[in-house]
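# Structural description and commentary
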Amino acid sequence: MELITTGNAGTMESNDIMITVEPSDAGGVQVDLTSSVYRQFGKQIISVIKETVAEYGVKNAVITAVDKGALDCTVRARVAAALTRAAQCHDYTWEVRQNV
């Protein structure tokens, strides 16, 4: 997936996460996370974000995440939505994943 523009997903409400995805020429995926539970769950949140980005085949991106206590499934959904918006993709292929 090639990122064309900036994509956003999520809200600043409790139990949600705001994800902003931007294309990058720097190489690699950079994640900037702000979270009130960073000490307890920061590594896990960053891991979920990077795993989801890798599943979509994105190699270069800058991701800004503002977490308000989102569960892993919410993080995945918000990252997926932001990526498809940033890629301006309108051909959605949704599939049920059994191992999530």
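What comes next is a walk through the structure. (Residues numbered from 1 in each chain as written. Predicted model: local features only at pLDDT ≥ 70, side-chain atom pairs only at ≥ 80, totals over all residues. Heavy atoms only, no water.)

## A few points about the overall build of the protein
- Each helix and strand in the protein was counted, giving two helices and four strands.
- Here the protein has a C-alpha radius of gyration of 13 Å; the compact-globule value for 100 residues is 13 Å, and the two agree.
- For the protein, the residues scored as buried account for 35% of the 100 residues in total.
- Put simply, of all contacts in the protein between residues at least 6 apart along the chain, 76% involve residues at least 24 apart.
- A total accessible area of about 6,300 Å² is found for the protein, and carbon and sulfur atoms account for 48% of it.
- Here the protein contributes 9 positive and 12 negative side-chain charges, whose respective centroids are spaced 7 Å apart. (Helix = DSSP H or I, 4+ residues; strand = E, 2+ residues; numbered from the N terminus. Rg over C-alpha atoms; globule rule 2.2 N^0.38 Å. Buried < 20%, exposed > 50% of the residue type's maximum accessible area, 1.4 Å probe, protein only. Contact = heavy atoms within 4.5 Å. Areas by Shrake-Rupley, 256 points an atom, 1.4 Å probe, with all protein chains shown as cover. Lys, Arg positive; Asp, Glu negative; His and termini not counted. Charge placed at Lys NZ, Arg CZ, Asp CG, Glu CD.)

## Things to note about the sheet that holds strand E1 (residues 7-9)
- With respect to topology, four strands assemble into an open sheet ordered E1-E2-E4-E3, the strand pairing being mixed. The open sheet has two edge strands with one neighbour each: E1 and strand E3 (28-35). Direction aside, the axes of adjacent strands within the sheet are offset by 10° on average.
- Across eight bridges, the pairing between E3 and strand E4 (residues 60-67) is parallel. Bridging across to E4, Thr-34 finds its partner in Val-66.
- The sheet contacts of helix H1 (residues 38-55) involve strand E2 (17-23), E3 and E4, and relative to E3 the element is tilted by about 145°. (Pairing = 2+ DSSP bridges. Axes fitted to C-alpha atoms, helices over the stretch in contact; angles between N-to-C directions.)

## Observations regarding the nonpolar core
- Judged by nonpolar contacts, the single largest core of 23 residues is most densely connected at Leu-3, Ile-19, Val-21, Ile-49 and Ile-63.
- Of all elements in the fold, only E2, E3, H1, E4 and helix H2 (72-86) reach the threshold of two or more residues within this core.
- For Leu-3, the contacting residues outside a window of four places in its chain are Val-21, Glu-22, Pro-23, Val-58, Asn-60, Ala-61, Leu-83, Ala-86 and Ala-87. (Core = buried A, V, L, I, M, F, W, Y, C linked by side-chain atoms within 4.5 Å.)

## Some thoughts on the pattern of salt bridges
- Under the counting rule described, the total for this entry stands at two salt bridges.
- For Arg-78, the salt bridge identified is with Asp-16, shortest N-O distance 2.9 Å. Of this pair, Arg-78 sits in helix H2 while Asp-16 is found in the loop between E1 and E2, placing the two residues 62 residues apart along the sequence.
- Judged by its relative accessible area of 28%, Arg-78 falls in the partly exposed class.
- Judged by relative accessible area, Asp-16 falls into the buried class, the value being 6%.
- A salt bridge links Arg-76 to Glu-51; the nearest nitrogen and oxygen atoms lie 3.7 Å apart. Here Glu-51 lies in helix H1 and Arg-76 lies in helix H2, a separation of 25 residues in the sequence. (Salt bridge = Lys/Arg side-chain N within 4 Å of Asp/Glu carboxyl O.)

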